[in-house]
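Summary of structural features
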There are 4 protein chains.
Amino acid sequence: MSKSRLEAFSDGVIAIVITIMVLELRPPAGGDWDALRELAHEFSLYVLSFAFVGIYWNNHHHMLHAAERVNGAILWANLHLLFWLSLVPFATRWMGENHFSELPTAVYGAVMLASAIAYALLQTAIVRHHGPQSRLQLAVGNDRKGKGSIAAYLAAVGLAFVSPWLSIALYVLVALMWLVPDRRIESRLPH
Amino acid sequence: MSKSRLEAFSDGVIAIVITIMVLELRPPAGGDWDALRELAHEFSLYVLSFAFVGIYWNNHHHMLHAAERVNGAILWANLHLLFWLSLVPFATRWMGENHFSELPTAVYGAVMLASAIAYALLQTAIVRHHGPQSRLQLAVGNDRKGKGSIAAYLAAVGLAFVSPWLSIALYVLVALMWLVPDRRIESRLPH
Amino acid sequence: MSKSRLEAFSDGVIAIVITIMVLELRPPAGGDWDALRELAHEFSLYVLSFAFVGIYWNNHHHMLHAAERVNGAILWANLHLLFWLSLVPFATRWMGENHFSELPTAVYGAVMLASAIAYALLQTAIVRHHGPQSRLQLAVGNDRKGKGSIAAYLAAVGLAFVSPWLSIALYVLVALMWLVPDRRIESRLPH
Amino acid sequence: MSKSRLEAFSDGVIAIVITIMVLELRPPAGGDWDALRELAHEFSLYVLSFAFVGIYWNNHHHMLHAAERVNGAILWANLHLLFWLSLVPFATRWMGENHFSELPTAVYGAVMLASAIAYALLQTAIVRHHGPQSRLQLAVGNDRKGKGSIAAYLAAVGLAFVSPWLSIALYVLVALMWLVPDRRIESRLPH
């Protein structure tokens, strides 16, 4: 089964998710500097979520590029990932509207955690379909970065009830860690 | 006529439909556990509708993969299916806002019923275009699963006026039945 | 220059336009039959606009299929068409909210008129790029259907100030005339 | 690494951005000529933003067409451009709601400025990946038009605090300058 429609559909959903968040950015009531300053918090949250979804698109791009074919299990694992990613605008908005209070910050982390797990499941489904000696398996290796992200998100969900700002620091840290594209796969691809 | 643009356009519409539903999920007013608990009903409804639309995308993917070419009748049958699918977010929202009361639950079922009929019509148009000895005809067979879904949705629309929860149980059952990808087609495709 | 990205971008915009209209369909306040009945007008308007945009996608599909290459003028003529199509949800909503009163019904017709003219301009740009002996020129012929639509929309805009229902009857008539795919082009394509 | 998914994802995001702006065009409260006249300002703003985003899509199309391959840096530079473009509907709405007052007009220009810089960065990343003797480098030349746009936007941001109408005149001028597709690249492409 060809992977092109899976890529096209994922591109569509991720493109919508990433741009839907713009709709959340309501213009402030007035037109002066105070109005703009009030927006700063929400804007930085928007940047974080944009980077988060952008990272997933980037890694998804790399992973599917290394894949050669897909099967039914991969289609469903992919839809499962898209489900969690589509909740990012909701979680972003709830956290923004409640000024980074405890529970919304934890829920934001839970959506990130579920996305990271869904990505790992998709990766497993693809690697299993291609065999243990495949280029993809070699490129992924023991996936330290993926496991580390899951652990960090797990910690962030708990820390949100201690101090939401600790969680947000973790979200930013994980995003920075991923902003470098996954060279493990790229470096093993033919040019 | 090539099928690639029909696939691309369908992917676009289905991707938008599936993510538009996120916009329906309004963040609760407060930021505490009560607010989150109130969301539980609506959230599970969102999961059901996501699965419903995801199943259609998956089956559409399989069916079009088996198709080799399209004609004008197929284009229109496809637009007709997309029309009903695009009503899913509306029906989901109406049912959610009215706490699963009788009529909205029946209307939700009617949209699912119309989508299932539209899918069957599209399948018929494709099979007719490829001939009775085509791979697709063999793969579809007598389409017991499709006919069963139509019967179940028909029953669910009526049952909504007896007890909406019976209808919802039927919606979930049909979704579970389809969550396994259509092996009839997949098993007959060359690898 | 290849036509594939022009097709992909057009598919994206048209898919969004056609599904954005769903967002206009606000669920009624209550959950009973009266609430549903109130929706009937708006729903039939949604069906009309869906058919209108669907017809454009279909004809666009046929026309671009017959085209072999694109140039800068075609890119801009295409963007111009997409601009007018993207105003359809706005015009639909305004007409629906004002219960088919005179001016909104005329504006709805003006958007349809501008779309039809933009389509004719795009067709001219493509035909000019392919030469007077091209397959596309032969298929289009003297474009009686396109010119007839423009005349009908022009009449409908004026008639809206006499009786909006006359205009709506014309909108429906033109849509029915186009619901048959453009056999002029299809019949001349190799199979 | 192939450029097709980068093109598809960019097409998706730009298509959504350009059509999201329609959602900003709220139908006026009444259905008479006064209501329509009130809309005129907002409508012309919508035309400007549509042209602005359309120009980016057009130039992006030309530039990627000339590119032969992409790498990680290009993926990120592209996401960075899409980030700024996705803020256009927000800036358009804020400026429209505040009737072209000083700060919102400057912010609108800042979004345009950031988009122009992001485009220049993307261009640099692509040219660097293809080498100084590449077709793309020759086509871009010293990029007078790109640098001129950045200077004009910079001036417009400052001028907004003198007179917003001067800034808007500059926005329109830059748009007109770009409405001719980039012949530098087109003229050097094989036909």
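Counting restarts for each chain, with residues numbered from 1 along the sequence as it is written. Both sets of labels track the order of writing: A upward for chains, 1 upward for ligands. With the structure being a predicted model, the display of local features is reserved for residues of pLDDT at least 70 and the display and counting of side-chain atom pairs for 80 or more, all residues being used for whole-chain, interface and lining totals.

Time to look at the overall build of chain A. Of regular secondary structure, chain A possesses 9 helices and 0 strands. Numbering of helices and strands starts at the N terminus; helices are DSSP runs of H or I of at least 4 residues and strands are runs of E of at least 2. Along its sequence from the N terminus, chain A presents helices and strands in the succession α-α-α-α-α-α-α-α-α. The C-alpha atoms of chain A give a radius of gyration of 18 Å, which matches the 16 Å a tight globule of 191 residues would have. Dimensions of chain A, computed from C-alpha atoms along their principal axes, come out at roughly 60 × 35 × 30 Å. Expressed as a percentage of the 191 residues in chain A, the buried residues total 51%. By sequence separation, contacts in chain A at least 24 residues apart represent 80% of the contacts at least 6 residues apart. A radius of gyration in this sense is built from C-alpha atoms; the matching globule rule multiplies 2.2 Å by the number of residues raised to 0.38. Counting other C-beta atoms within 10 Å of a residue's own tells you its class, since 20 or more makes it buried, 12 or fewer makes it exposed, and anything in between is partly exposed; those C-beta atoms are placed from the backbone. Each residue gets a C-beta atom placed from its backbone, and two residues are in contact if those atoms lie within 7 Å.

Overlaying chain B on chain A yields an RMSD of 0.0 Å, the required transformation being a rotation through 90 degrees with an accompanying axial translation of 0.0 Å. Overall, the copies show the geometry of a four-fold rotation axis. Among all residues of chain B, the one whose C-alpha sits closest to the rotation axis is Gly12(B), at a distance of 4.3 Å. Interface residue correspondence from chain B to chain A reaches only 12%, placing this contact among heterologous pairings that use different surfaces. The copies were overlaid by least squares, fitting only the C-alpha atoms of residues that reach a pLDDT of 70 or more in each copy.

What follows deals with the relation of the copies chain B and chain C. Each copy of the sequence occupies a distinct position, and chain B is placed on chain C by a rotation of 90 degrees and an axial shift of 0.0 Å, giving an RMSD of 0.0 Å. An overlap of only 12% is found between the interface residues of chain B and their copies at the interface of chain C, pointing to separate contact surfaces.

Turning our eyes to something else, we now look at the interface of chain B and chain C. By a frequent convention, interface size equals the accessible area lost on bringing the separate parts together. Every contact between the two is made by 24 residues of chain B and, on the other side, 25 residues of chain C. Mapped onto the side of chain B that touches chain C, the elements with two or more residues apiece are helix H1 (4-24), helix H4 (72-85), helix H5 (88-97) and helix H6 (102-130) of chain B. Per-element accounting of the side of chain B that touches chain C gives the leading share, 8 residues, to H1(B). Grouping the amino acids of the side of chain B that touches chain C by side-chain chemistry returns 16 nonpolar, 5 polar and 3 charged. Residues are grouped as follows: Ala, Val, Leu, Ile, Met, Phe, Trp, Tyr, Cys and Pro are nonpolar; Asp, Glu, Lys and Arg are charged; all remaining types, including Gly, are polar.

Okay, the interface of chain B and chain A next. Facing 25 residues of chain B, the contacting portion of chain A comprises 24 residues. Those elements that provide at least two residues to the side of chain B that touches chain A are H1, helix H2 (33-38) and helix H3 (40-66) of chain B. Considering each element in turn, the side of chain B that touches chain A owes the most residues, 10 residues, to H1(B).

Take the packing of helix H1 (residues 4-24) of chain A against H1(B) next. Between H1(A) and H1(B), the least distance of the axes is 9 Å, while the angle of their chain directions is 35 degrees. For the crossing formed where H1(A) meets H1(B), the hand is right-handed. Touching Arg5(A), Ala8(A), Phe9(A), Gly12(A), Val13(A), Ile16(A), Val17(A) and Ile20(A) of H1(A) are Glu7(B), Ala8(B), Asp11(B), Gly12(B), Ala15(B), Ile16(B), Ile18(B), Thr19(B), Val22(B) and Leu23(B), all from H1(B). Taken together, the residues of the contact of H1(A) with H1(B) break down into 12 nonpolar, 3 polar and 3 charged. Orientation is described by lines fitted to C-alpha atoms, with helices fitted over the stretch in contact, and by angles between N-to-C directions that extend from 0 to 180 degrees. Definitions for this section: a left-handed crossing has its near helix turned counterclockwise from the far helix by less than a right angle. A right-handed crossing has that turn clockwise.

This paragraph deals with the arrangement of the chains. Spatially, chain A is disjoint from chain C: no contact exists, and the shortest C-alpha separation is 9 Å. Regarding chain B and chain D, which are not in contact, the minimum distance between any of their C-alpha atoms is 9 Å.

Turning our attention to the environment of Ala139(A). Tracing the chain through its elements places Ala139(A) in helix H6 (residues 135-140). With 129 residues separating them along the chain, Ala139(A) and Ser10(A) place their C-alpha atoms 22 Å apart.

Turning our attention to unusual backbone geometry. One non-glycine residue, His99(B), adopts positive backbone phi at about 50 degrees. Examined against the element boundaries, His99(B) turns out to sit in the loop between H5 and H6.

The next subject is the packing of helix H2 (residues 33-66) of chain A against helix H8 (residues 164-178) of chain A. Residue and element names in this part refer to chain A. Contact pair H2 / H8: the axes reach a minimum separation of 10 Å and the direction vectors enclose 40 degrees. Here H2 lies oblique to H8, going by the angle between them. Considering only the axes of H2 and H8, their crossing is left-handed. Contacts from Leu 48, Ala 51, Phe 52 and Ile 55 of H2 reach H8 at Tyr 171, Val 172, Ala 175 and Trp 178. For classification, angles of less than 35 degrees are called roughly parallel, those exceeding 145 degrees roughly antiparallel, those between 65 and 115 degrees roughly perpendicular, and all remaining angles oblique.

Turning to the environment of Phe9(B), a few remarks are in order. Relative to the elements of secondary structure, Phe9(B) occurs in helix H1. Under the C-beta neighbour-count criterion, Phe9(B) is labelled buried, with 27 such atoms within 10 Å. Along the chain, Phe9(B) and Trp33(B) lie 24 residues apart, while their C-alpha atoms are 41 Å from each other. Setting aside residues up to four positions removed in sequence, Phe9(B) forms contacts with Asp11(C), Ala15(C) and Trp57(C).

On to the confidence of the model for chain A. Residues and elements named next belong to chain A. Per-residue confidence from the predictor is reported as pLDDT, a score between 0 and 100. Averaged over all residues, the pLDDT of chain A is 86; the fraction at 70 or higher stands at 93%. Taken element by element, the predicted model of chain A shows its lowest mean pLDDT in helix H9 (residues 183-186) (54) and its highest in helix H5 (residues 102-130) (94). ipTM for the predicted complex: 0.85, alongside a pTM of 0.88.

Turning next to helix H8 (residues 164-178) of chain D. Residues and elements named next belong to chain D. Over its 15 residues, H8 extends 22 Å from the first C-alpha to the last, a length consistent with the 21 Å expected when each residue adds 1.5 Å. Looking only at H8, the buried set comprises Pro 164, Ser 167, Ile 168, Leu 170, Tyr 171 and Val 174. Burial along H8 is one-sided: seen end-on, the buried residues are contained in an arc of 155 degrees. Residues of H8 that are exposed and angled more than 90 degrees away from the buried face: Trp 165 and Leu 176. Looking at the buried side of H8, the elements it contacts are helix H2 (33-66), helix H5 (102-130) and helix H7 (144-159). Here, expected helix span is obtained from the residue count minus one, scaled by 1.5 Å. Think of the arc as the fan of directions from the helix axis to the C-beta atoms.

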